[in-house]
Amino acid sequence: MESLEGKRGILALASLPCRSGPLRLPHDHQHVETLSAVPAIILEGGETYANRGTPKNGGTRLLCVSGHVNKPGIYEIPLGMNMKSSLTKWRRHAQRARKLKAVIPGGSSWPGVQADENRHCHGLRHRRQGRFDARLRGMVVIDEDTCMVDMARRIMHFYAHESCGWCIPCREGTSWLEKILNRFHAGLGRPEDIDMIGELSKNMLGRTFCPLGDAAAMPTISIVQKFRSEFEDQSSGVQVSFRP
């Protein structure tokens, strides 16, 4: 909103956009998904719409599915949908039946889930579910031939580019992490840098004005913890064959 008004593109303390949005006029740009559900509720009734989900999580949600699936796209799903069975359907015959390696269930800003952890994800819903908080936005499906070092590098490149530069932990942290991850991807990583990646990421958590620092840190911490061996391989001179 600041950029639309010709100002520097940084966060500003303000009231809700529905009260005061761009040009200080009421705006509903944060409620597009809510508005998209209105026709179904009017035509079918609120009870019918709510019954598509679970008793405590009624209705549907738009979910962007990308990565190694048959048909990437935006799907309208009922809340409470089983994650494991849905992945099986979306991945049927995908990429010559490569095995599932990991899933990032809530978009690039959320910790990844290893393939064998999917059994804990019974249903997709708003509230906390078991060990995972399924903040439904975008699901990234990753197969066994993906280099997780490169995945972390690509994610950090995005957040380093998107950082407005206001907060030092985010501005310097994302830039520094991107350089380290680029070095690992080039096969020039050092074993001692693996722990440094984790420490730098943790030092961004909760120390920035907006959540972008947290969004960059959480997936990085998760990838290093769960796929540490791939970082070790690329820091010890071992040649690992991954699809680009």
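Everything below is about the structure shown above.
Procedures and definitions
Counting starts from 1 at the beginning of each chain's written sequence and moves along it residue by residue. Restriction of local features to residues with pLDDT of at least 70 applies here, the model being predicted, together with a cutoff of 80 or more for giving and counting side-chain atom pairs; totals for whole chains, interfaces and linings are based on all residues. Side-chain figures throughout are based on the complete set of non-hydrogen atoms in the structure, without hydrogens or water. We define a salt bridge as a contact between a side-chain nitrogen of Lys or Arg and a carboxyl oxygen of Asp or Glu at a distance within 4 Å. Burial status follows relative accessibility: with a 1.4 Å probe on protein chains alone, a residue under 20% of its type maximum counts as buried, one over 50% as exposed, and anything between as partly exposed. Pairing between strands is defined by DSSP: at least two bridges between them are needed. Only DSSP runs of H or I with at least four residues qualify as helices, and only runs of E with at least two residues qualify as strands; both kinds are numbered from the N terminus onward. Contact between two residues is taken to exist if any of their heavy atoms lie within 4.5 Å; hydrogens are not considered. Axis definition: a line fitted to C-alpha atoms, limited for helices to the stretch in contact. Angles are taken between N-to-C directions and run from 0 to 180 degrees. For Phe, Tyr and Trp, rings pair up if their centres lie within 6.5 Å, where Trp contributes its six-membered ring, and each pair is then called stacked (planes under 30 degrees apart), edge-to-face (over 60) or tilted (otherwise). Each polar contact in these results corresponds to two N or O atoms within 3.5 Å; when the atoms are within protein, one needs to be able to donate a hydrogen and the other to accept it, and residues that are neighboring in sequence are counted only if both atoms are side-chain atoms. In this description, one arc is meant: the one made by directions from the helix axis to the C-beta atoms. Disulfide assignment relies on a single distance test, namely cysteine sulfur atoms paired within 2.5 Å. When describing relative orientation, an angle under 35 degrees is termed roughly parallel and one over 145 degrees roughly antiparallel, while 65 to 115 degrees is termed roughly perpendicular and anything else oblique. Each helix crossing is assigned a hand: it is left-handed if the near helix lies turned anticlockwise from the far helix by less than a right angle, otherwise right-handed if that turn is clockwise. Amino acids are sorted into nonpolar (Ala, Val, Leu, Ile, Met, Phe, Trp, Tyr, Cys and Pro), charged (Asp, Glu, Lys and Arg) and polar (every other residue, Gly among them).

Novice: So what about the pattern of salt bridges? Which residues, and what values?
Specialist: Per the counting criterion, the structure on display carries twelve salt bridges. As a salt-bridge pair, lysine 7 and glutamate 5 come within 3.3 Å of each other at their nearest N and O atoms. Take lysine 7: its relative accessible area is 41%, and that puts it in the partly exposed class. Exposure remark for glutamate 5: the relative accessible area of 21% places this residue in the partly exposed category. With a closest N to O distance of 3.1 Å, aspartate 193 and arginine 190 form a salt bridge. A single network of salt bridges, built from pairs that share partners, joins Arg183, Arg190, Glu192 and Asp193.

Novice: Tell me what's going on with the sheet that holds strand E2 (residues 73–78), and back it up with residues and numbers.
Specialist: On the basis of which strands lie adjacent, the open sheet formed by five strands has the order E2-E1-E7-E3-E4 and mixed pairing. One side of each edge strand has no neighbouring strand; the edge strands of this open sheet are E2 and strand E4 (113–114). For strand E3 (residues 100–104) and E4, the ladder comprises two bridges, and the chain directions are antiparallel. Within E4, the position partnered with valine 103 by the bridge is valine 113. Packed on one face of the sheet, helix H3 (residues 83–90) meets strand E1 (60–67), E2, E3 and strand E7 (138–143) and runs near 65° to E7.

Novice: If you had to explain the pairing of E7 to someone new, which residues and values would you point to?
Specialist: Counting buried positions along E7 yields five of six residues, so the element is predominantly enclosed. One ladder, built from four bridges, connects E1 with E7; its direction is parallel. Among the inter-strand pairings, valine 65 is bridged to a residue of E7, identified as methionine 139. By the bridge criterion, four bridges tie E3 to E7 in an arrangement that is antiparallel. Note that in E7 the partner of leucine 100 across the bridge is aspartate 143.

Novice: Describe in detail the packing of aromatic side chains, supporting the description with residues and values.
Specialist: Think of a pair of aromatic rings as described by two things: how far the centres are apart, and how the planes are tilted against each other in angle. Evaluated as defined, the whole model comprises three aromatic pairs. For the ring pair phenylalanine 158 and tyrosine 159, a centre distance of 4.9 Å and an interplane angle of 80° mean the geometry is edge-to-face.

Novice: Hey, could you go over the side chain of aspartate 143 for me, with residue numbers and the actual values?
Specialist: For aspartate 143, the location among the structural elements is in strand E7. Since its relative accessible area comes to 0%, aspartate 143 is described here as buried. Within the structure, aspartate 143 has its side chain in polar contact with the backbone nitrogen of aspartate 145 (distance 3.1 Å).

Novice: Tell me what's going on with the environment of serine 222, and back it up with residues and numbers.
Specialist: Secondary-structure assignment places serine 222 in helix H7 (residues 212–226). With 111 residues separating them along the chain, serine 222 and proline 111 place their C-alpha atoms 5.3 Å apart.

Novice: An account of H3 is requested, with residue identities and associated values reported.
Specialist: For H3, every residue scored as buried is listed here: Met83, Ser86, Leu87 and Trp90. Mapping the buried residues of H3 onto a view down its axis gives an arc of 100°, with all of them on the same face. Tucked into the core, H3 has its buried residues touching E1, E2, E3 and E7.

Novice: I'd like to hear about the state of the cysteines, residue by residue, with values.
Specialist: Evaluated as defined, the whole model comprises zero disulfides. In this structure cysteine 170 is a free cysteine whose sulfur lies 6.3 Å from that of cysteine 210, the closest cysteine sulfur available. With relative accessibility at 6%, the residue cysteine 170 sits in the buried group.

Novice: Account for the packing of helix H4 (residues 148–162) against helix H5 (residues 168–185), naming residues and giving values.
Specialist: At their nearest, the axes of H4 and H5 sit 9 Å apart, and the two run at 150° to each other. Relative to H5, the element H4 is oriented roughly antiparallel. Along this stretch, H4 crosses H5, giving a crossing that reads as left-handed. Where H4 abuts H5, its residues Val149, Asp150, Ala152, Arg153, Met156, His157, Tyr159 and Ala160 lie against Thr174, Ser175, Leu177, Glu178, Leu181, Asn182, Phe184 and His185. Looking at the contact of H4 with H5 residue by residue, the class counts come to eight nonpolar, five polar and three charged.

Novice: How would you explain the packing of H4 against H7 if you had to name every residue and give the values?
Specialist: One can describe the packing of H4 onto H7 by two numbers: an axis separation of 10 Å at closest approach and a directional angle of 170°. Looking at the two axes, H4 sits roughly antiparallel to H7. Counting all contacts with H4, which are made through Met148, Met151, Ala152, Ile155, Met156, Tyr159 and Glu162, the residues of H7 involved are Leu212, Ala215, Ala216, Pro219, Thr220 and Ile223. Each residue belonging to the contact of H4 with H7 can be placed in one class, and the counts come to eleven nonpolar, one polar and one charged.

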